[in-house]
Amino acid sequence: MKTIGVLTSGGDAPGMNAAIRAVVRTGAYNDMRTLGIIRGFNGLIHDEIQELDISAVGDILHRGGTILKTARSEEFKTEAGMQKAMEIIKKYGIEGIVVIGGDGSFRGARDLSRLGVPTIGLPGTIDNDIACTDYTIGFSTAINTVIDAINKLRDTASSHDRISIVEVMGRNAGDIALYSGIAGGAESIIVPELPFETDEICRRIIQGRNRGKQHSIIVLAEGVVLNKEISGTIELGKEIEAKTGLEVKVTILGHIQRGGSPTAFDRILASRMGARAVELLKQGIGNRVVGIRNNHIVDVEVEEALTMKRSFNQDLYRLAQILSM
Ligand code: ATP
């Protein structure tokens, strides 16, 4: 294989640039030319291609976002869109592609592999919602961003004897809430994977107050709201305020969690995964998603990766409950 393409797709995540850099440089090391595809599958269809030499990926390791931009493309899912993509692939002599994104992007990778273009998926998403890997690229940075916010909210919450609810990202997966909650010492962690009771949350708050605690932090994943288990985080705050008689402030962190310089963990993870993708393509292997399990870089078939069930870390959740007594 002499020419490969790389694209980022779906939501952006810190560490995507580190993965792009690893693909380009491992490719160059193996005498492969890398073409950057701008704006995901959309750019593939609309001929937004530019060559990436080893200097083009200099000075990006520490930068959040993605130099290749990212997009969602409905057109790519259609037969006509797929045909356009194949024409561009032929035009540039692209023999293999690395797709950095989430579940949806892997479906696109699978479709290209089926059409004879070996394509490898790398899990780039802050939610940590990909079953075939212990960690996704961007998750570590996102939880560190949340912890930073929790630290600041704790200062002001204790000054005013308040309760602080922090809504974090995580549509179907509560990992951001769980990990940042445990690292930030939250009293309660509310995730889409487990049911919760407002009364129990209030009981924990009152218990803390009775032994002199000046503040309470509750971390809630947005999926709990999106899946309509509660009518909204603000409403939950009002309910807790009414039940405890204590002042509640709600902070919705939003897109701040998607930005920022990637942590060392994300940079190393992305570098290792990017290198594995190129090694696979070099052997003409496609239709696989790269992951990390027990600190080993692994790869699994796309279909298997898509059907695998994610397991929520119940042990960590229990530990969080014990430690926040
Ligand atoms: P995130 O987790 O950040 O949402 P994602 O990769 O899951 O990332 P999606 O919007 O689901 O984000 O998918 C990104 C792109 O992948 C889509 O815009 C589309 O171009 C392509 N894609 C998604 N699903 C399919 C599919 N079934 N077949 C082909 N391509 C798909």
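Residues numbered from 1 in each chain as written. Predicted model: local features only at pLDDT ≥ 70, side-chain atom pairs only at ≥ 80, totals over all residues. Heavy atoms only, no water.

1. Some thoughts on helix H7 (residues 198-210)
Count 3.6 residues to each turn of an α-helix, and residues three or four apart come out pointing the same way.
Alright, step 1. Spanning 13 residues, H7 covers 18 Å between terminal C-alpha atoms, matching the ideal 18 Å at 1.5 Å per step.
Alright, step 2. Against strand E6 (163-168), strand E7 (188-190), strand E8 (216-221), helix H9 (233-244) and helix H12 (314-323) lie the buried residues of H7.
Alright, step 3. One or two steps after H7, the chain reaches glycine 212, where phi turns positive at roughly 95°. (Helix = DSSP H or I, 4+ residues; strand = E, 2+ residues; numbered from the N terminus. Expected span 1.5 Å × (residues − 1). Contact = heavy atoms within 4.5 Å.)

2. Digging into the domain arrangement of the protein chain
Alright, step 1. Domain boundaries assigned for the protein chain yield domain 1 (3-138 + 262-307) and domain 2 (141-258).
Alright, step 2. With 13 residues of domain 1 in contact, the opposing surface of domain 2 contributes 12 residues.
Alright, step 3. Overall, the association of domain 1 and domain 2 removes approximately 1,000 Å² of surface from exposure, summing both partners, and the carbon and sulfur fraction of that is 47%.
Alright, step 4. For the interface between domain 1 and domain 2, the tally reads 2 salt bridges.
Alright, step 5. Here the residues of the side of domain 1 that touches domain 2 are counted per class, giving 5 nonpolar, 4 polar and 4 charged. (Domains from an automatic or database assignment. Buried area = accessible area lost by both parts, 1.4 Å probe. Salt bridge = Lys/Arg side-chain N within 4 Å of Asp/Glu carboxyl O. Nonpolar A, V, L, I, M, F, W, Y, C, P; charged D, E, K, R; others polar.)

3. Notes on the site of the ligand
Alright, step 1. Inspection of the region around the ligand gives 17 residues, with Gly11, Arg72, Ser73, Gly104 and Ser105 positioned closest.
Alright, step 2. Measuring from an oxygen atom of the ligand, one finds a side-chain N or O atom of serine 105 at 2.5 Å.
Alright, step 3. In the complex, the protein chains occlude 84% of the 620 Å² of accessible area that the ligand would expose alone.
Alright, step 4. The cavity where the ligand resides is the largest pocket.
Alright, step 5. With 6 residues, helix H4 (residues 103-114) is the single largest residue contributor to the shell around the ligand.
Alright, step 6. Taken together, the residues of the shell around the ligand sort by class into 2 nonpolar, 9 polar and 6 charged. (Near = heavy atom within 4 Å. Polar contact = N/O pair within 3.5 Å; in protein donor to acceptor, adjacent residues only side chain to side chain. Areas by Shrake-Rupley, 256 points an atom, 1.4 Å probe, with all protein chains shown as cover. 1 Å grid on protein atoms, 1.4 Å probe; cavity = no way out; pocket = protein on both sides within 12 Å on 5 of 7 lines; lining within 4 Å. Sits in = over half its atoms within 2 Å of the grid points.)

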